[in-house]
Amino acid sequence: NYGEGTTLGLHFTLGTIGNALSGTPLIEYAYFGGTFALTFILGYLVYIFSSRNTIKKYWGHGAGIVLILICIHYLLPTYGPQQATTVGIITTDFKSMNDDEAITMLTEGNKRLEEMTRSLASSSLDIIVYPEDTRFLSLLTNEKRENIFSLFPKTLFIDGDTSKVNGDLVNVSLFYDTALEKAKKRGKRFLFPFNEYLPFFLAPIANTLIPQTTKETYLKNHTFTPIYSDMTIPFKDLRVGTLICSEIISFDTLQKLKEEKPSIVFFQSRLEVFHNNPLFIMHLNSFTKIAAAQLRRPLISSSNGAPSLIVSPYGHIVETVPTGFSSEIYTFSK
C-alpha cells in the first residue's frame, strides 16, 4: 500500500494467524517479534501435534516452548511508571460525520467533553487522554481553556487533533503540560490507505470508484502526510508514548516506539465506523493486547465508538471501559 511519503514495511499485522494466541499465556512471545513470533509458535505447535509420530518425535520441543514461556514471564523485566501515576481516560461515542459537518459536530461535542473533564477535577491526575482527533483543546475558547488548565495545574493533556504541515493534513497527538504551559505535537507515521492516503497502485481503481465531481473534495480531505519523528515525550519522571489508530497494527511502528523506551503508552483511536460490532471488538482486544506484550509496557486506549482498554505489560486486559461517554480514573504503580 505504498503512497507518497509512506514506506514499505511490516505493517497490517491484523490478519496474521498469530493473533489466535492473544488469548493465551503464549502472547508473551510477542515481545520477540509481535504477531510474527506468535505465528511461528502457533505453526510449530500445530506441526508438533499434527500426528502421533510428530508428537513422539518433537514433544520435547513443545515442552521447551512452555519452559521458555515460564522463563519469559518471571525473568524478562516489564517496564512502566516507577512512581504511582494516575490517569484520566476519556471514552466517547460520537457518531460518524462527513467533512462538512466535522467542525460543527466537534464544537457541540466539546461541551460534553468539557463537562466530562471537569468531573475529574477532584482527582489529582498526572495525565488525561482523549480519543484520536477529538480536538478538545483546540476548539475551546481561550477563557475556557485557561479555566480548565487551572483545575489541573500539574497535568499532561493528551488530545487528538488535525494540523497542517506545509499545507498538508497531519493527524497528531497533542501534548499539553499545564505546569510548563507548553504544547508539543507528534504526527502520525503510519497512515491507513484510502482514509488517509491513496496508494499508488490502487489509484486507477479509485478513479473508477470515486465520481469525478467529488474526487477533488475527497482527495483534499483524505490525503494526509506521515510524520517521522519521536513518538514519545518526557513528562516528570516518565517517557510518554502514543499510538494513533492504525499505527497499532504496524509491527514496524511498534518496534520504533519500543526503541524509544516509553514508560507508558496511550492508544488514541476513532472507531465509530465499525459500529461497535462484536467481531471487530474481538479483533480490537486481540491486537491491543499483542501491542502491549510486544512493548512489554502498560498500554491504555482511549477510543471513540469502541471500548477503551487498560492492558498490562503481559498482554492481559486489566479493565475494559464500555463503549459510550465516560471518564475513568486508573492509577499505575511500580
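How should the overall build of the protein be read in this particular structure?
Counting its regular elements, the protein contains nine helices and twelve strands. Counting over 334 residues, the protein shows a buried share of 51%. Summarising the internal contacts of the protein: among those between residues at least 6 apart in sequence, 67% fall at separations of at least 24. Counting only carbon and sulfur atoms, one obtains 59% of the accessible surface of the protein, whose full area is about 16100 Å².

What am I meant to see in the sheet that holds strand β5 (residues 182-187) here?
Pairing between the strands of a sheet is mediated by backbone hydrogen bonds and can be parallel or antiparallel. The strand order across the open sheet built from six strands is β5-β4-β3-β2-β1-β12, with neighbouring strands paired in mixed fashion. Only two strands of the sheet have a single partner each, and these edge strands are β5 and β12 (326-332). Direction aside, the axes of adjacent strands within the sheet are offset by 30° on average. Sheet topology note: the strand β1 (residues 85-91)/strand β2 (residues 127-129) ladder contains three bridges and is parallel. Considered in β2, the bridge of I89 is made with V129.

Would you take a moment to explain the packing of aromatic side chains for this structure?
Two descriptors summarise a pair of aromatic rings, namely the distance from one centre to the other and the angle between the planes of the rings. Under the defined criterion, the tally for this structure stands at twelve aromatic pairs. Their ring planes at 10° and their centres at 4.3 Å tell us that F149 and Y176 sit as a pair that is stacked. In this pair, F149 is assigned in helix α5 (residues 142-151) and Y176 in strand β4 (residues 168-177), connecting sequence segments 27 residues apart. There is no split in this pair, since F149 and Y176 are both buried. Taking the centre distance of 4.8 Å and the plane angle of 65° together, the rings of Y330 and F332 count as edge-to-face. A relative accessible area of 21% means that Y330 is categorised as partly exposed. Ring-pair connections join several aromatic residues into one group, and the members of that group are Y130, F136, F149, F152, F157 and Y176. Taking the ring centre of F325 as reference, the NZ or CZ of R112 above it sits at 3.7 Å.

So what exactly am I meant to see when it comes to the pairing of strand β9 (residues 299-304) here?
On a regular strand, one side chain projects to one face of the sheet and the next to the other, so that they alternate. Burial within β9 is extensive, with six of its six residues counted as buried. The alternating pattern of β9 places L299, S301 and S303 on one face and I300, S302 and N304 on the opposite face, and all of these are buried. In this structure, strand β8 (residues 264-270) lies alongside β9, joined through six bridges in parallel fashion. Paired with Q268 across the strands is S302, a residue of β9. For the segment spanning β8, helix α9 (residues 278-295) and β9, crossover handedness is right-handed.

Is there a simple way to explain helix α1 (residues 34-48) in this structure?
In an α-helix there are 3.6 residues to a turn, and that puts residues three or four apart on one side. Along its 15 residues, α1 runs 22 Å from first to last C-alpha, staying within 8% of the 21 Å computed at 1.5 Å per residue. Buried within α1 are the following residues: G34, T35, A37, L38, I41, L42, L45 and I48. In an axial view of α1, the angular spread of the buried residues amounts to 155°, which keeps them on one side of the axis. Those residues of α1 that are exposed and aimed more than 90 degrees away from the buried face are F40 and V46. Among the structural elements, α2 (52-75), α8 (251-259) and α9 are those in contact with the buried residues of α1.

Conventions and cut-offs
Residues numbered from 1 in each chain as written. Predicted model: local features only at pLDDT ≥ 70, side-chain atom pairs only at ≥ 80, totals over all residues. Heavy atoms only, no water. Helix = DSSP H or I, 4+ residues; strand = E, 2+ residues; numbered from the N terminus. Buried < 20%, exposed > 50% of the residue type's maximum accessible area, 1.4 Å probe, protein only. Contact = heavy atoms within 4.5 Å. Areas by Shrake-Rupley, 256 points an atom, 1.4 Å probe, with all protein chains shown as cover. Pairing = 2+ DSSP bridges. Axes fitted to C-alpha atoms, helices over the stretch in contact; angles between N-to-C directions. Phe/Tyr/Trp six-rings, centres within 6.5 Å; stacked < 30°, edge-to-face > 60°. Lys NZ or Arg CZ within 6 Å of the ring centre and 35° of its normal. Right-handed = clockwise from strand over helix to strand, strands pointing away. Expected span 1.5 Å × (residues − 1). Arc of directions from axis to C-beta.

Everything listed is a geometric property; what it means functionally is a separate question.
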